[in-house]
Amino acid sequence: MVARKPVLLIDDGENSKLAIEILEFNNIKFVEYHIKNFENNCCVDLPTTRAPALIAPEGVFRNLEGIKEYLRVEKNYTKSEPSESAYW
């Protein structure tokens with residue numbers, strides 16, 4: 001079975017940059033998608049979606065607290081010991 005990567009919706013804000021750093025620090029592979037691409041590719045914007053937001057098979061995780069919750073869920077799912085992060 002192929003593991004699906006979560007999609008990280010980002011904008012140009014500082015929290016999006018921190019979300020990228022948190023995921024990379026924890027060796028989480030993800031697909032980065034800038035929220036403005038919805039306007040260019042899908043003909044609409046996402047007025048109710050704020051970045052950062054992580055869309056994963058396990059659910060949707062919003063803001064930095066949601067990203068941290070995803071790490072807890074992912075660590076429990078893989079049954080590995082959580083690594084200490086400099087970000088939380």
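(A) Broad picture of the sheet that holds strand E4 (residues 59-62). The 4 strands lie next to each other as E2-E1-E3-E4, forming an open sheet whose pairing is mixed. This sheet does not close on itself; its edge strands, each paired only once, are strand E2 (31-34) and E4. This sheet shows a mean twist of 20 degrees between the axes of neighbouring strands, independent of strand direction. Bridging between strand E1 (residues 7-10) and E2 involves 4 bridges; their strand directions are parallel. Note that in E2 the partner of Val7 across the bridge is Val31.

(B) Representation of the layout of surface pockets within the structure. Put simply, the largest pocket is a space of about 330 Å³. Residue lining of the largest pocket: 14 residues in total, with Ala3, Arg4, Lys5, Glu58 and Glu74 positioned closest to the centre. Taken together, the residues of the lining of the largest pocket sort by class into 8 nonpolar, 1 polar and 5 charged.

About the thresholds
- Residues numbered from 1 in each chain as written.
- Predicted model: local features only at pLDDT ≥ 70, side-chain atom pairs only at ≥ 80, totals over all residues.
- Heavy atoms only, no water.
- Pairing = 2+ DSSP bridges.
- Helix = DSSP H or I, 4+ residues; strand = E, 2+ residues; numbered from the N terminus.
- Axes fitted to C-alpha atoms, helices over the stretch in contact; angles between N-to-C directions.
- 1 Å grid on protein atoms, 1.4 Å probe; cavity = no way out; pocket = protein on both sides within 12 Å on 5 of 7 lines; lining within 4 Å.
- Points joined across faces, edges and corners; volume = space filled by probe spheres on them.
- Nonpolar A, V, L, I, M, F, W, Y, C, P; charged D, E, K, R; others polar.

Take it as geometry only, folks, not as evidence of what the structure does.
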